[in-house]
Structure formats: structure tokens, C-alpha cells
Amino acid sequence: MGATRGQGNPDWTRDETILALDLLLRHWPRIPPKQDPEVIALSELIRNLPFHRDSTNKNVRFRNSDGVYMKLHNLAGLHPDKKGKGLANSKMDRAVWDDYASKPELVRKLAQEIAKGIKIINDVDSIDIDDADDVEMEAPEGKVLSGVHKRRERHKGFRKKIIDGAIKSTSGVHCKACGVSTTTPDKIGYFMFEVHHIVPLSLVATTKTTLKDLALMCANCHRQIHAAMRVNKRHYTIDEFQNYLKSNASNTMQKSR
């Protein structure tokens, strides 16, 4: 059985592969046939992914039920019971399998969040989840949930409320991670701060965002916490991130001696 690129179709993304793995794990060891309603529904869902608009519009066969069915078989070939006989597995298949095949409950939750996230992003024309910033900060959970997360963090109303509240408080405007505050006497200094959404991506699409779900961080710490989550493939609370930075700093000092 061949790989699931298709004739001229883009490779399967992490989001799509997580969705396919969820369907496979829920029915294992049975692989649903291409006529199965869930396979057809998954095909329709994937075709609605915002970064596949051009492919969907140009090719009616793009990610059709045949392609989804083939992807299920490709993923199944990674199971120890199958031993990969006659199957073509991509690097993405293996990466998603290694990260999530032993965590069916998490895969189910992520699949539900991705499905909800697709609707959120498609309902907001201003979100472009293919820009350079998304490529740099895309989390292991994929582009869709990274895009929803980004939308929550860049909501202008939330940022203004948090900064206004910090100005009125005794603690003032400062980074929740490193504690740095602005020394600029006017509001220009506030642009060094960004809003960080502290809710894990596995809950970001189905959880209504409130001010308590957001924290003010300097741009440096904000990028680093996202990078830490992406590289280490886990969610970090701000306290955990602070400990992570201290641990790395300590290790660096020891190596320099």
C-alpha cells in the first residue's frame, strides 16, 4: 500500500495525523472501511482545515475517504502487532505514533479540541495560521490549536484589561516569569509585554478564556516558554517554567567551571 501524499497533494500535517490516529485507536484492532461514516466524516473535517483551503478548492478528491482509509492503514502498520508489513509510513506518522499511540485518552481529547479549533479559526477571517510566527511557535499539538492559542493571546481587549489592572495594582506592570518591569516613563514601555495563555493546548478550544487564564510576560520569556513546550513536548505552568530556567542556568554554570 502506498504512502498517503496523493498526486500533487501536500503531505499530511500533524493535526490531520492526530485526527486519523484517534479514529484508528478508537476502533483498534478493527480498521474502519472507506465507506464507514466516521471515515467519511473525518475526510470532510480534514478538508475544512484552514491551511488546506487551496487544495480542497482545486481537487475534489483531496483527502477523500480513500486517502483517509489509506492513512489508517499506514498508521496501523506502526503497531507492534502489524510489524509494518507492506505499508509506507511517513516521518510524521512515526512522530505522532511515538508521541501519542500509548495515550489514547489524550489523543481523543486533542482530536476533539482540533475539531473545535477548526471551527473557531474558520469563523475568524483575520487569523492566518500559516505566517512565519506560527511556523516558529507551532506546538506538538499542531497548527490548529497553536492558532487558537495565538488568537487568545493576541486579543487586544484582554491585553488592555490586564495592563490596565496591573497599572492600578501595587505590583505594577511586570513579567510574571522573570519579574522585569518597564523603565520607560510612558506607555511605549508596555509594548515589551505580551499576554500568555496559561491553559494547556489540550483544552484551549473548548475552554472559555477569562482574565484568570492569562498572564503578562515579557516578549523574551513568552517566546522561551513556548519554545520550551515545543521542544520538550509538554505544558509548562509559569512556576514550572521558572524552575526550568533556573535548572538550565545552574547546569550551564556547573559546566563552565
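Refer to the structure printed above.
The shown structure was predicted, so the numbers you read here are calculated from the model rather than taken from an experiment.

A. Fine view of the pairing of strand β1 (residues 193-197). Within β1, 4 of the 5 residues are buried, leaving the element largely enclosed by the surrounding structure. Where β1 meets strand β2 (residues 214-218), 5 bridges bridge the pair, whose relative direction is antiparallel. Following the sheet pairing, valine 195 is matched in β2 by leucine 216.

B. Representation of the packing of aromatic side chains in the model. Here the structure, examined in full by the defined rule, presents 1 aromatic pair. Relative to tyrosine 244, the ring of tyrosine 236 has its centre 5.3 Å away and its plane inclined at 50°; by these criteria the two rings are tilted. In this structure tyrosine 236 comes out as buried when scored by relative accessible area, which is 6%. According to the relative accessible area criterion, tyrosine 244 is partly exposed, its value standing at 26%. Over the aromatic face of phenylalanine 51 sits the side chain of lysine 143, whose NZ or CZ is 5.0 Å from the ring centroid.

C. Main features of the packing of helix α6 (residues 104-122) against helix α8 (residues 143-153). At a closest axis distance of 8 Å, the pairing of α6 and α8 adopts a crossing angle of 55°. By the criterion of interaxial angle, the relationship of α6 to α8 is oblique. In this structure, the crossing between α6 and α8 has a hand that is left-handed. Residues Leu110, Glu113, Ile114, Gly117, Ile118, Ile120 and Ile121 of α6 pack against Val144, Leu145, Gly147, Val148, Arg151 and Arg152 of α8.

D. Just the packing of helix α1 (residues 14-27) against helix α5 (residues 91-100), in detail. Interaxial distance between α1 and α5 falls to 10 Å at its minimum, and their mutual angle equals 55°. Classed by the angle they form, the pair α1 and α5 counts as oblique. In this structure, α1 meets α5 at a crossing whose hand is right-handed. Contacts between α1 and α5 involve Arg14, Thr17, Ile18, Leu21, Leu24 and Leu25 from the first element and Met92, Asp93, Ala95, Val96, Trp97, Asp99 and Tyr100 from the second. The class makeup of the residues in the contact of α1 with α5 is 9 nonpolar, 1 polar and 3 charged.

E. Quick look at the side chain of aspartate 93. Tracing the backbone shows aspartate 93 in helix α5. With near-sequence residues (within four places) excluded, aspartate 93 lies in contact with Thr17, Lys71, Asn74, Leu75, Leu78 and Ala88.

F. Molecular detail of the environment of alanine 76. Positionally, alanine 76 belongs in helix α4 (residues 65-76). By relative accessible area, alanine 76 is classed as buried at 1%. Between the C-alpha atoms of alanine 76 and arginine 30, which are 46 residues apart in sequence, the distance is 9.7 Å.

Quick notes on the rules
Residues numbered from 1 in each chain as written. Predicted model: local features only at pLDDT ≥ 70, side-chain atom pairs only at ≥ 80, totals over all residues. Heavy atoms only, no water. Buried < 20%, exposed > 50% of the residue type's maximum accessible area, 1.4 Å probe, protein only. Helix = DSSP H or I, 4+ residues; strand = E, 2+ residues; numbered from the N terminus. Pairing = 2+ DSSP bridges. Phe/Tyr/Trp six-rings, centres within 6.5 Å; stacked < 30°, edge-to-face > 60°. Lys NZ or Arg CZ within 6 Å of the ring centre and 35° of its normal. Axes fitted to C-alpha atoms, helices over the stretch in contact; angles between N-to-C directions. Parallel < 35°, antiparallel > 145°, perpendicular 65-115°, else oblique. Left-handed = near helix turned anticlockwise from the far one by under 90°. Contact = heavy atoms within 4.5 Å. Nonpolar A, V, L, I, M, F, W, Y, C, P; charged D, E, K, R; others polar.

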